[in-house]
Amino acid sequence: MTGRSAGRNVRNNQGDESRAVARGRNVHLNVLLLANRNLDQLETICRTVDLTHAQYVALFVLCLADDPDAGMPIGAVADGLLNRASDTTRLVDRLERAGLAERFPNPADRRGVLVRATPQGRAVFEVVTPEINALHERQWSNLSVDETRQLDRLLLKALWGADLGASRFADPAK
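Given the structure is predicted, the values throughout are model-derived calculations rather than measurements.

Conventions we followed
Residues numbered from 1 in each chain as written. Predicted model: local features only at pLDDT ≥ 70, side-chain atom pairs only at ≥ 80, totals over all residues. Heavy atoms only, no water. 1 Å grid on protein atoms, 1.4 Å probe; cavity = no way out; pocket = protein on both sides within 12 Å on 5 of 7 lines; lining within 4 Å. Points joined across faces, edges and corners; volume = space filled by probe spheres on them. Helix = DSSP H or I, 4+ residues; strand = E, 2+ residues; numbered from the N terminus. Buried < 20%, exposed > 50% of the residue type's maximum accessible area, 1.4 Å probe, protein only. Axes fitted to C-alpha atoms, helices over the stretch in contact; angles between N-to-C directions. Parallel < 35°, antiparallel > 145°, perpendicular 65-115°, else oblique. Contact = heavy atoms within 4.5 Å. Nonpolar A, V, L, I, M, F, W, Y, C, P; charged D, E, K, R; others polar. Salt bridge = Lys/Arg side-chain N within 4 Å of Asp/Glu carboxyl O. pLDDT = per-residue confidence, 0-100.

Side note on the layout of surface pockets
- By volume, the second largest pocket amounts to about 180 Å³.
- Every residue along the wall of the second largest pocket is listed here: L34, R37, N38, Q41, L135, R138, Q139, W140, N142 and L143.
- Of all the elements in the fold, those that place two or more residues in the lining of the second largest pocket are helix 1 (3-47) and helix 5 (119-139).
- Sort the elements by how many residues they give to the lining of the second largest pocket and helix 1 lands first, with four residues.

This is the structure:
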């Protein structure tokens, strides 16, 4: 390979790298734009019942726990949330002030506290969930079932670095 052709290869590789960076940036921006638009829509629905989306997600975790009446440690609530675990205590504080969740002593650990949704919290969750489910259906209505599954697999691969197959959130019946 002559110096001239080696230089062309370097320029081509740099051009490919620039295209790869541009593609990555475009995907990044589109994911952020889509996430922000979807979160705005979720926040709008949640506001109709005086919730934030983060509060709804906490109620989701509490109301759909294996045994919602038994409550769960705040750490387990944090594990189910989409926000930082350090925000969980303040989030539960706000739910508690609104009468949507309650803390009570953990009978298995005298030092621990459990959290559960109150009947009012469960009622609010039951009111808003069908609207959120309808939004999720509309959000992806431009994609076929196969495209939605493929997108889910690709996002999981981007998140975790491997093709994990179907998402744990995927509906196998569809």
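Some words on unusual backbone geometry
- Its identity as a non-glycine residue notwithstanding, D50 has a phi of 60 degrees, on the positive side.
- Looking at where D50 falls in the secondary structure, it is placed in the loop between helix 1 and helix 2 (53-63).
- Since its relative accessible area comes to 71%, D50 is described here as exposed.

Notes on the packing of helix 2 against helix 4 (residues 88-97)
- For the pair helix 2 and helix 4, the least separation of the axes is 10 Å and the interaxial angle reads 85 degrees. With respect to each other, helix 2 and helix 4 are oriented roughly perpendicular. Counting all contacts with helix 2, which are made through A54, Q55, A58 and L59, the residues of helix 4 involved are L91, R94 and L95.
- Across the contact of helix 2 with helix 4, the residue classes break down as five nonpolar, one polar and one charged.

A look at the pattern of salt bridges
- Following the criterion strictly, the structure yields seven salt bridges and no others.
- For the salt bridge of E96 with R103, the shortest nitrogen-to-oxygen distance reads 2.4 Å.
- According to the relative accessible area criterion, R103 is partly exposed, its value standing at 26%.
- The partner of E102 in a salt bridge is R116, with the nearest N and O atoms 2.6 Å apart. Of this pair, E102 sits in strand 2 (residues 101-106) while R116 sits in strand 3 (residues 109-117), and the two are 14 residues apart along the sequence.
- Since its relative accessible area comes to 29%, E102 is described here as partly exposed.
- In the salt-bridge network here, residues are joined through shared partners; they are D93, E96 and R103.

Things to note about the confidence of the model for the protein chain
- Averaged over every residue, the pLDDT of the protein chain is 85; residues scoring 70 or more account for 82%.
- Of all helices and strands in the protein chain, the one with the weakest mean pLDDT is helix 1 (79), whereas helix 5 scores best (96).

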